[in-house]
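Inside the fold
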Amino acid sequence: MCEEHLLLLKHLFTWKDFLDLGLLTALFFLLLNFAERYRLYRILFVIFGFLFLWGIANLLKLQALDWLLNQLWLIVLFAAVVAFQPELRRLFQSWGGRSIFSQRYGKAKIIKKIIKAVAYMAEKQIGALIVFERSIPVETVSEGCVKIDALVSPELLITIFYPLTPLHDGAVIIKGNRITFASCVLPLAKGIDFDAKLGTRHRAAIGVTQETDAVAVVVSEETGSISVAVGGKLFRNLTEEELKEFLYKELSVEERD
């Protein structure tokens, strides 16, 4: 019986059919991965929805609908570009952007300077939110940023986050060896359950890593605890050594650098 089924399949499907199906499956998963990386789900939903309707119209010979869709496809494409401009902008900027540590900036030294500032602020319970930008520019999903463009130093970071200073209430964005922006208002986390003890900084850290590929470090103003957010997940109560290992791993830093 099994041999008969195999013979039937052999007659129904050739090696070209299996290759066609395999390539189509691979393309589908690549599109899903692409959409997840660049947050383009809504665009793909619109495109696939339009193609589905078009396919139904052709299959069932719905001439009026087929004619209408043929006339509208350019308009729909243009409308999608306009409606999803933020997502497309992030995509093109990430293609044209450079990774935070794509060049040798003395990467390990920069991380150690930042950890020194974080350790001081944790001891003094000074609230802080430091975002390491990677391929997707963080300022495209934030508001109210004040341009700094200064070399990273522990003293400058501590000064920015010191209570009652003009820039302390917001996030600092670091790209390469420079503090690029301060006082940034970041998007808050969506679609997850929160611990009641988590404040706005922690929710913003999760939110920005949901929207971009950044890594965010948080110092709690209430407890002085250190946390790191990446990929929409929060890792809490880290020691200095754990923070160092975490950042070295996520930012591809080696001690010899």
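Everything discussed here concerns the structure shown above.
In what follows, the accompanying structure is described.

Rules of the game
- Residues numbered from 1 in each chain as written.
- Predicted model: local features only at pLDDT ≥ 70, side-chain atom pairs only at ≥ 80, totals over all residues.
- Heavy atoms only, no water.
- Disulfide = S-S within 2.5 Å.
- Helix = DSSP H or I, 4+ residues; strand = E, 2+ residues; numbered from the N terminus.
- Phe/Tyr/Trp six-rings, centres within 6.5 Å; stacked < 30°, edge-to-face > 60°.
- Buried < 20%, exposed > 50% of the residue type's maximum accessible area, 1.4 Å probe, protein only.
- Core = buried A, V, L, I, M, F, W, Y, C linked by side-chain atoms within 4.5 Å.
- Contact = heavy atoms within 4.5 Å.
- Axes fitted to C-alpha atoms, helices over the stretch in contact; angles between N-to-C directions.
- Left-handed = near helix turned anticlockwise from the far one by under 90°.
- Nonpolar A, V, L, I, M, F, W, Y, C, P; charged D, E, K, R; others polar.
- Pairing = 2+ DSSP bridges.
- Expected span 1.5 Å × (residues − 1).

Following the criterion strictly, the structure yields one disulfide and no others. One disulfide in the model links Cys-145 with Cys-184; its S-S distance is 2.1 Å. In this structure, the disulfide formed by Cys-145 and Cys-184 twists by about 130 degrees around the S-S bond and is classed as right-handed. With Cys-145 in the loop between strand E1 (128-132) and strand E2 (146-151) and Cys-184 in strand E4 (residues 178-184), this residue pair connects regions lying 39 residues apart in the sequence.

What the rule picks out here adds up to one aromatic pair. Considering the side-chain rings of Phe-235 and Phe-246, the 5.1 Å spacing of their centres and the 55 degrees angle between planes classify their relative orientation as tilted. Residue Phe-235 is located in strand E7 (residues 233-235), and its partner Phe-246 is located in helix H9 (residues 240-250); the two are separated by eleven residues in the primary sequence. Residue Phe-235 is classed as partly exposed on the basis of its relative accessible area of 33%.

Another point: unusual backbone geometry. Most of the time, phi is negative for any residue but glycine, and the peptide bond is trans. The backbone phi angle of Leu-164 is positive, close to 75 degrees, even though this residue is not glycine. With respect to the helices, strands and loops of the structure, Leu-164 is situated in the loop between helix H7 (154-161) and strand E3 (171-175). The class of Leu-164 is exposed, set by a relative accessible area of 81%. The backbone of Asn-237 shows a phi angle near 55 degrees, a positive value even though the residue is not glycine. Looking at the element boundaries, Asn-237 is found in the loop between E7 and H9.

What follows covers the nonpolar core. Judged by nonpolar contacts, the single largest core of 35 residues is most densely connected at Ile-114, Met-121, Ile-130, Phe-132, Val-217 and Leu-247. Elements supplying a minimum of two residues to this core: helix H6 (107-124), E1, H7, E3, E4, strand E5 (215-219), strand E6 (226-230) and H9. Here the element with the most residues in this core is H6; it accounts for nine residues. Once you skip the residues sitting within four places of it in the chain, Met-121 turns out to touch Ile-126, Ala-128, Ile-130, Leu-157, Ile-158, Phe-161 and Val-219. The next biggest cluster of nonpolar side chains, apart from the first, holds 16 residues, and it includes Leu-129, Val-138, Ala-205 and Val-208.

Let us now look at the packing of H6 against H9. Contact geometry of H6 with H9 gives a least axis separation of 10 Å together with a crossing angle of 145 degrees. For the crossing formed where H6 meets H9, the hand is right-handed. Together, Ala-108, Ile-111, Lys-112, Ile-115, Val-118 and Ala-119 of H6 and Glu-240, Leu-243, Lys-244, Leu-247 and Tyr-248 of H9 make up the contact between the two elements. Taken together, the residues of the contact of H6 with H9 sort by class into eight nonpolar, no polar and three charged.

The next thing to look at is the sheet that holds E4. Strands sit in the order E2-E4-E3-E1-E5-E6-E7 across an open sheet of seven strands; the sheet is mixed. Of all strands in the sheet, those with a lone pairing partner are E2 and E7, marking the two edges. Across the sheet, the axes of successive neighbouring strands diverge by a mean angle of 25 degrees, strand direction being ignored. Direction of pairing for E5 relative to E6: antiparallel, over a ladder of five bridges. Each residue of the ladder has a partner; that of Ala-216, found in E6, is Ala-229. Contacts from helix H8 (residues 200-211) reach E1, E5, E6 and E7, with the element oriented near 175 degrees to E5.

Let us look at H6. For H6, spanning 18 residues, the distance from its first C-alpha to its last is 26 Å, which sits close to the expected 26 Å at 1.5 Å a residue. Residues of H6 that are buried make contact with E1, H7, E3, E5, E6 and H9. Immediately downstream of H6, the backbone of Gln-125 shows phi near 55 degrees, a positive value.

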